[in-house]
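An overview of the molecular structure
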Amino acid sequence: MGVGLTNYIVLSAILFGLGIFAIITRKNAILVLMGVELILNSANINFVAFAKFNKLNIEGHIAAIFVIMLAAIEVAVALAIVLNIYQNYKHINVDEIDSLKE
Amino acid sequence: MVEFGNLISNLQSSLNFFLPELVLVITLLTLIVVDLLFRKIRFINAYVSIFGFVVSGLLLLFQTREGVGFLGSFVSDNFSFFFKIIILLTNILIVLMSFESKELIEKGGNLGEFYTFLVGMSFGMFLVTGATNLILIYLAIETMSISSYILSGYTKEIRRASEASLKYVIFGAISSGLMIYGISLLFGQTGTLNLYEIKNFLAINKVDTFPFFVSTMLILAGFAYKISAVPFHFWTPDVYEGAPITITAYLSVASKAAGFAALLRFLKLALSLHTETVDSIWTMVSSIDWTLVIAVLSVLTMTLGNIVALWQNNLKRLLAYSSIAHAGYILMGVAVLNDTGTASVLVYFFMYLLMNIGAFICVMLVSNEIGSEDIKDFEGLGYRSPLIATLFSVLLFSLIGLPPTAGFIAKFYIFAAVLDAGLIWLAVVGVINSVISLYYYVKIMRNMFIRGIDKDKSTIRVAPVNQIIVFILAALTLLFGIYFSPIINWANASASILVWK
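This text gives an overview of the structure that appears in the document. (Residues numbered from 1 in each chain as written. Chains lettered and ligands numbered in written order. Predicted model: local features only at pLDDT ≥ 70, side-chain atom pairs only at ≥ 80, totals over all residues. Heavy atoms only, no water.)

1. Some thoughts on the overall build of chain A
A count of helical and extended segments in chain A gives three helices and zero strands. Taken from the N to the C terminus, the helices and strands of chain A come in the order α-α-α. Out of the 102 residues belonging to chain A, those deemed buried represent 40%. Put simply, of all contacts in chain A between residues at least 6 apart along the chain, 56% involve residues at least 24 apart. Roughly 5700 Å² of accessible area belongs to chain A as shown, and the carbon and sulfur atoms make up 71% of that amount. Each charge sign in chain A was given a centre, from 6 positive and 7 negative side chains, and these centres are 7 Å apart. (Helix = DSSP H or I, 4+ residues; strand = E, 2+ residues; numbered from the N terminus. Buried < 20%, exposed > 50% of the residue type's maximum accessible area, 1.4 Å probe, protein only. Contact = heavy atoms within 4.5 Å. Areas by Shrake-Rupley, 256 points an atom, 1.4 Å probe, with all protein chains shown as cover. Lys, Arg positive; Asp, Glu negative; His and termini not counted. Charge placed at Lys NZ, Arg CZ, Asp CG, Glu CD.)

Printed below as a string of structure tokens:
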């Protein structure tokens, strides 16, 4: 029995769940961003898997390439911002960066 | 498969109505070079970007507005034209505002990059208003988001600005992640990313309700984040308070407008069957009650925005919650899901542009002088700077929605569209919310005119140019409160979103 579409979807759903879990539980800004990466890559798995099982629809592959590119851009900007936070606060603990009151 | 020759001719014909966007890209590239070569000349980049915006606006006025291009992934129609004009006007006002922003000039260093990102962000917004392909929508939203992350932390030595940009980037990354996951699920169910083809697929085939509901809700989360609707509003108050006030004003109008444009186009193109009659209620394809979903979102958004605004002391934060509340009112116009509702959203945005930017300019001018945005420090402003205080009050009256101001007309059309669609309960909630909002807007006026009369008598000096800009905005809010038919006609003509065969 080969690997079917369901396997891919379950894998991506697990990755998505792990990503959400990381975002909610982690306090370090870098680890939160890693959670975001997991979510983006779970979407990528979906795109490629659906394209594979959908009569060679090229759109899915193109979408995946765009998402990979955007993930790189987003991380570049986010890391620059985190670096700036470190210069101002001397730590990157998301929970303790709360000088703007709720 | 598309043949190569066809592809080239399609590209060439597409470029005809892509000129305004191309001008923005060229402006962006020019700005980078100009910033390197002519650093010494003050505000050179501001002038170049204003020039770019004006040229782009002129091309916009004379282009064909019935075009589908780039293999059906980008359209140019009256609907996107309206939003593009709003975005351009906001851009020009923001550039004018940046000349006087003390925090930007003192802490921003060389302002060259500021305008570069501003132009990049408006390019993203232009794409959002016309995108009809889910991947293009996602890319365009990210283009504007990534510029705005940087802009909100532009004064990087100020702690609260860097905190604002951190919160913005984390919330933004999460919600765009949710959105792309939703898009991938929708792609799996329909086999296409084009909004129009999604609708065609849904009209013929049946999809399971539950996965369809999950995927559309995740996509909606991406839009809700851009328009700062509850429960994706958490970034709004912090970012609005921490970011430079020019960027706060920009985010509250332009990026919200782009978000609403994409939301309306998504609902109309992908999720509703198109009927021949123009003014008809959009028939939605699936069994999900979209009116209810958006109405609930709207009620939550405006109620939370208005109630939390009641005990805010920082004026920027208060205006942030007020802008959440306004997003709720505008969502009422979306919830009715017809062309009348779309027209009322357009009217609202035009009026909102005038009054909200005007209010932010007033706050900026005063806080430049007194060095604080606390409501308490605005006490006695009516005696220290009578003109600015009076104009600020006119703009606040308009934000409340009292006649004879533009805000009243905007709210009136939203409520008319809601009542027309028979959603009486929604209109009642909207009216109650408007009454609540009265309290916190009037609190500002009370502080300006009644409190602190003998505290500090020193007059606040404001440059005449700024007085003229605020005066024009306030005068326009009054003018469009009385003579509103041109805007209404323009909005009605722009309300039908282009649907092609």
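2. What about the interface of chain A and chain B?
Listed per partner, the contact involves 42 residues of chain A and 43 residues of chain B. Buried area between chain A and chain B, both sides added, is near 3600 Å², and the carbon and sulfur share of it is 69%. On the chain A side of the interface with chain B, the three residues burying the most area are A:Leu70, A:Glu74 and A:Leu100, jointly 18% of the side's total. Along the contact surface separating chain A from chain B lie zero salt bridges. Taken together, chain A and chain B are joined by seven residue pairs in polar contact (both at pLDDT 80 or more). (Buried area = accessible area lost by both parts, 1.4 Å probe. Salt bridge = Lys/Arg side-chain N within 4 Å of Asp/Glu carboxyl O. Polar contact = N/O pair within 3.5 Å; in protein donor to acceptor, adjacent residues only side chain to side chain.)

3. Here's the deal with the nonpolar core
Counting residues in each nonpolar core, the largest one holds 213 residues, and the members touching the most others are A:Phe47, B:Leu267 and B:Phe392. Setting aside residues up to four positions removed in sequence, B:Leu267 forms contacts with B:Ser272, B:Trp282, B:Met284, B:Trp290, B:Ile294, B:Val334 and B:Leu337. (Core = buried A, V, L, I, M, F, W, Y, C linked by side-chain atoms within 4.5 Å.)

4. A look at the packing of helix α2 (residues 19-37) of chain B against helix α3 (residues 44-61) of chain B
All names here are of chain B. The interhelical angle for the contact between α2 and α3, taken along N-to-C directions, is 170°, at an axis separation of 9 Å. One way to sum up the angle between α2 and α3 is to call them roughly antiparallel. You can see that α2 and α3 cross each other, and the crossing is right-handed. Along its contact with α2, which presents Leu19, Pro20, Val23, Leu24, Thr27, Leu31, Val34 and Asp35, the element α3 presents Ile44, Asn45, Val48, Ser49, Gly52, Phe53, Val55, Ser56, Leu59 and Leu60. Here the residues of the contact of α2 with α3 are counted per class, giving 12 nonpolar, five polar and one charged. (Axes fitted to C-alpha atoms, helices over the stretch in contact; angles between N-to-C directions. Parallel < 35°, antiparallel > 145°, perpendicular 65-115°, else oblique. Left-handed = near helix turned anticlockwise from the far one by under 90°. Nonpolar A, V, L, I, M, F, W, Y, C, P; charged D, E, K, R; others polar.)

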